[in-house]
Amino acid sequence: MAISGAVEPIVASDDVIRRSLDDAFLPALLPALAHATGDLSLMREGLLPQTLAPGAPQGGMTEEQQATAKDLALDALRHLRDGDVEAADGRDEERVLAIIKWMTGNKATEEYIPLLLEELAPSGEDPRAPQWRMPAGTAFKVAIVGAGMSGILAGIRLKQAGVPFTIIEKNVDVGGTWFENTYPGARVDVGSAFYSYSFAQKTDWPKFFSPQGTLLDYFRGVVDAYGIREHIRFNTEVLSATFDEGSAHWSLRLRTPDGEETFEAQAMISAVGQLNRPNIPEIAGRETFAGPAFHSARWGHSVDVKGKRVAVIGTGASAAQFIPAIAAEVAELYVYQRTPNWFVPVPTYHDDVPEGLQWLFRHVPYYAHWYRFWMFWMTTEGLLPAAIVDDAWPNMERSVSMENDVLRMLLTGYIQAQFADRPDLMEKVLPAYPPAAKRMILDNGIWAETLKRDNVRLITEPIARITTSGVVTTDGVERAVDVIIYGTGFTASQFLVPMRVIGRQGVDLNEQWGGDARAYMGLVVPNFPNFYMLYGPNTNIVVNGSIIYFSECEVQYVMGCMRLLIEGEARALDCRQDVHDAYNRRIDEANKKRTWGASGVNSWYKNKFGRVSQNWPFNAIEYWQQTREPDPADFVAL
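Residues numbered from 1 in each chain as written. Predicted model: local features only at pLDDT ≥ 70, side-chain atom pairs only at ≥ 80, totals over all residues. Heavy atoms only, no water.

Considerations on the overall build of the chain
So, step 1. Each helix and strand counted, the chain has 19 helices and 21 strands in total.
So, step 2. Taking the principal axes of its C-alpha atoms as reference, the chain extends roughly 70 × 70 × 50 Å.
So, step 3. A total of 638 residues make up the chain; the buried ones form 57% of that total.
So, step 4. Here the analysis covers contacts within the chain between residues at least 6 apart in sequence; of these, 73% occur between residues at least 24 apart.
So, step 5. For the chain, the exposed surface amounts to about 25,100 Å²; the carbon and sulfur share of it is 49%.
So, step 6. Across the chain, the centroid of the 59 positively charged side chains sits 5 Å from that of the 79 negatively charged ones. (Helix = DSSP H or I, 4+ residues; strand = E, 2+ residues; numbered from the N terminus. Buried < 20%, exposed > 50% of the residue type's maximum accessible area, 1.4 Å probe, protein only. Contact = heavy atoms within 4.5 Å. Areas by Shrake-Rupley, 256 points an atom, 1.4 Å probe, with all protein chains shown as cover. Lys, Arg positive; Asp, Glu negative; His and termini not counted. Charge placed at Lys NZ, Arg CZ, Asp CG, Glu CD.)

Right, here's the structure in full:
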């Protein structure tokens, strides 16, 4: 696995460097060179990108700016190659602050420095690794449920601290969602450089946005590199978990290939995620359909759709990926849309990372890190202001603030340009709700191209029922199909289902929640001592983070709790109810002031009560700050 800190010396000729610069992402390259050489003059005021328009090449740099930047970069790379400059101190806080101020147009402040010094760790270091180890002879064991991205991460950190653990995984391999979702076209909608662990970054991603197979290989590689596989029990499902107050242990009831058994641990970490249980809509007659029918997360690979008439119900993120992937193969494709999506233009969405850019990642110190920070800022911290509600803003139905309206106009212009030749489709695909109220979808033009195909029909009339041979809409039209595919998302708000978790005094967690899941920090819940959730309530992100970034924050907090338990006198720590409630009031109030909370459009961000139980409403750095270490005063010691 190629780690971005382990740069190779530059021995290439000027011509090779020039050709590589043609593939460079310049808004991150100049900061990297300034960081590596100590020459802050490389970041000239006149080169700062002036626009945050989605999809703008080179971050909005003009052709003239790009030419100047390439000349500066060539000169700096020559100096590095020829030994004319000494490698600068990579942890110089003043230099890091100057760089982030330039990259963000002076919007980022000193509070980002500690975070960036973790992200910009020198080669071979892992600042987020636990700086403590469990004393020898300590009787303490942890059960982790799930070997997806967050479960793997928890295992790595526990192993580094010398804490015994077992990961219990229902599948035959690691990867979680990237093992289960094998539908055509499956890929991540966060840039590869950001959708990766901070301590295991790669310089050789083949695609800007990794497909499912690449990500699965990445997580397999991390598991093997860190020796985690030997700690995993595959083909084993947790049916229930019960806290025993007498022993302060969790007792997990497991279904294994050999039958049921019990597994005990002092602490339990749920790493089952939010998007792992497919949502199959209740449509009259659904069970009567005579042909193959399946959900995208359980793709029917034995079903050959080539030359078939196919109905796809749903147009969310997964459907927007697999619909273009199968459109050319099927005879007829009927796409049933309930709500149109906002599409964000990303021209490189399906593109290979060019050879020159990969060369620069390998040879320029800190380049991959600053490239990752650009994604962090521009796709998270930089976009959050456009999702914040202005109470005085008129016409809240279509936008919620000036910033949100500017984003709406930019995205509207993109959609209008894509469908200018098809006004019949335009009126169906243009959303009427504010951007970011629902999940926005990345696009490189393939959605419009697909819907314009002669064999594709976009249908917006609601579905009335399903028959043995097709789908009937409320206008009475029945369309005969051979296959039905559900692209209808997941039961995201039903956390932990179908697993039962029983806490103190026999309290069932799902009964305590009553369908309205809440947690302190998204991690801990009163009455459930030594139980931790990764990707729990209100830790999903819309425009303000990467789930891997959030998982690293969460595991940092959990490891702090483990240390309190191992080094302290308490056998168990139970979150205080008043602390939990005050935290959730703050989260709820903030979510009401975000597009996803203020808009009435349907989305999986809200539960059946209309409360946003999924999303984190603040800056990504705020979650990092609040999860640095647990406050013992937030817990009742048992």
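Observations regarding the sheet that holds strand E7 (residues 267-270)
Hydrogen bonds between backbone groups are what pair the strands of a sheet, and the pairing can be parallel or antiparallel.
So, step 1. Strand order across the open sheet formed by five strands is E3-E2-E1-E7-E19, with parallel pairing between neighbours. Because the sheet does not close on itself, it has two edges, and the strands there are strand E3 (232-233) and strand E19 (531-533).
So, step 2. Along the sheet, helix H16 (residues 547-567) makes contact with strand E1 (142-145), E7 and E19, crossing E19 at roughly 170°. (Pairing = 2+ DSSP bridges. Axes fitted to C-alpha atoms, helices over the stretch in contact; angles between N-to-C directions.)

Brief notes about unusual backbone geometry
So, step 1. Each neighbour pair has its own omega, and for Val497 with Pro498 the value is 5°, a cis peptide bond.
So, step 2. We note that Leu496 has phi near 75°; this positive angle belongs to a residue other than glycine.

Quick notes on the pattern of salt bridges
So, step 1. If you walk through the whole model with that rule in mind, you get 40 salt bridges.
So, step 2. Between Asp391 and Lys593 there is a salt bridge, and its shortest N-O distance comes to 2.9 Å. Placement of the pair is Asp391 in the loop between helix H11 (367-381) and helix H12 (402-418) and Lys593 in the loop between helix H17 (577-592) and helix H18 (595-598), with a sequence separation of 202 residues.
So, step 3. Lys593 gets classed as partly exposed once you look at its relative accessible area, which sits at 34%.
So, step 4. Three or more residues are tied together by salt bridges with common partners; here these are Asp173, Asp217, Arg220, Asp224 and Arg229. (Salt bridge = Lys/Arg side-chain N within 4 Å of Asp/Glu carboxyl O.)

Overview of the packing of helix H6 (residues 149-160) against helix H8 (residues 212-225)
So, step 1. At a minimum axis separation of 11 Å, H6 and H8 run at an interaxial angle of 15°. Between H6 and H8, the crossing angle belongs to the class labelled roughly parallel. Classified by chirality, the crossing of H8 by H6 is left-handed. Residues Met149, Ile152 and Ile156 of H6 lie in contact with H8, whose contacting residues are Phe219, Val222 and Val223.
So, step 2. In the contact of H6 with H8, the residues fall into six nonpolar, no polar and no charged. (Parallel < 35°, antiparallel > 145°, perpendicular 65-115°, else oblique. Left-handed = near helix turned anticlockwise from the far one by under 90°. Nonpolar A, V, L, I, M, F, W, Y, C, P; charged D, E, K, R; others polar.)

A word on the pairing of E1
So, step 1. Residues of E1 alternate between two faces, with Val142 and Ile144 on one and Ala143 and Val145 on the opposite face, all of them buried.
So, step 2. The sheet contact formed by E1 and strand E2 (residues 165-168) spans four bridges and is parallel. Opposite Val142, over in E2, you have Phe165 as the bridge partner.
So, step 3. Regarding topology, H6 serves as the crossover connection from E1 to the parallel E2, and that connection is right-handed.
So, step 4. Two elements, E1 and E7, share four bridges in a ladder whose sense is parallel. (Right-handed = clockwise from strand over helix to strand, strands pointing away.)

What about the sheet that holds strand E17 (residues 483-486)?
So, step 1. Strand order in the open sheet formed by five strands is E8-E17-E9-E10-E13, with parallel pairing between adjacent strands. Two strands lie at the open edges of the sheet, namely strand E8 (293-295) and strand E13 (456-459), each paired on one side alone. The sheet shows a mean angle of 15° between the axes of neighbouring strands, taken without regard to direction.
So, step 2. Of the pairings in the sheet, the one linking strand E9 (residues 309-313) to E17 comprises four bridges and is parallel in character. Bridged to Val310 within E17 is Val483.

Thoughts on the packing of helix H4 (residues 93-103) against H11
So, step 1. Taken N-terminus to C-terminus, the directions of H4 and H11 make an angle of 50°; their axes are 11 Å apart at the nearest point. When the axes of H4 and H11 are compared, the pair comes out oblique. Between H4 and H11 the crossing geometry is right-handed. Mapping the contact onto sequence places Val96, Ile99, Ile100 and Met103 in H4 and Trp370, Phe373, Trp374 and Met378 in H11.
So, step 2. Within the contact of H4 with H11, the residues separate by chemical class into eight nonpolar, no polar and no charged.

As for the side chain of Gln337
So, step 1. Examined against the element boundaries, Gln337 turns out to sit in the loop between strand E10 (332-336) and strand E11 (343-345).
So, step 2. Residue classification places Gln337 among the buried residues on the basis of a relative accessible area of 6%.
So, step 3. Looking at Gln337, its side chain comes within polar contact range of the main-chain oxygen of Lys428, at 2.9 Å.
So, step 4. Each residue touching Gln337, except ones within four places of it in the same chain, is listed here: Thr315, Lys428, Leu458, Ile459 and Thr460. (Polar contact = N/O pair within 3.5 Å; in protein donor to acceptor, adjacent residues only side chain to side chain.)

Remarks on the environment of Leu411
So, step 1. Within the secondary structure, Leu411 sits in helix H12.
So, step 2. What makes Leu411 buried here is its relative accessible area of 0%.
So, step 3. Distance in space between the C-alpha atoms of Leu411 and Phe343 is 6.8 Å, their sequence separation being 68 residues.

Details of the environment of Glu478
So, step 1. Tracing the backbone shows Glu478 in strand E16 (residues 478-480).
So, step 2. When the C-alpha positions of Glu478 and Ala464 are compared, they lie 9.7 Å apart, and in sequence the two are 14 residues distant.
So, step 3. Contact partners of Glu478, with chain neighbours within four places excluded, come to Thr467, Ser469, Gly470, Val471 and Val472.
So, step 4. For Glu478, the side chain forms a polar contact with the side chain of Thr467, separated by 2.6 Å.
So, step 5. A polar contact is formed between the side chain of Glu478 and the side chain of Ser469, at a distance of 3.3 Å.

Brief notes about the packing of aromatic side chains
So, step 1. According to the stated counting rule, one finds 33 aromatic pairs in the structure shown.
So, step 2. Measuring from centroid to centroid gives 5.6 Å for Trp370 and Phe373, while their planes differ by 90°, and the two rings are edge-to-face. Placement of the pair is Trp370 and Phe373 together in helix H11, with a separation of three residues, close to one helical turn.
So, step 3. Looking at Trp370, the relative accessible area reads 0%, which means it is buried. (Phe/Tyr/Trp six-rings, centres within 6.5 Å; stacked < 30°, edge-to-face > 60°.)

Some remarks on the nonpolar core
So, step 1. Among the nonpolar cores identified, the biggest contains 179 residues, and Tyr197, Tyr367 and Trp370 are the most heavily contacted of them.
So, step 2. Per-element tally for this core: the top contributor is H16, with 13 residues.
So, step 3. In this structure, Phe263, Phe495, Val501 and Phe528 belong to the second largest nonpolar core, which totals 26 residues. (Core = buried A, V, L, I, M, F, W, Y, C linked by side-chain atoms within 4.5 Å.)

Section: the confidence of the model for the chain
So, step 1. Taken as a whole, the chain shows an average pLDDT of 93; of its residues, 97% reach a score of 70 or greater.
So, step 2. The model gives residues 1-5 a pLDDT under 50, and that stretch makes 19 contacts with residues more than four places away or in other chains. (pLDDT = per-residue confidence, 0-100.)

Re the environment of Ala267
So, step 1. Tracing the chain through its elements places Ala267 in strand E7.
So, step 2. Look past the residues within four positions of Ala267 in its chain and what remains in contact with it is Phe140, Lys141, Val142, Ala143, Trp250, Asn530, Tyr532 and Met562.

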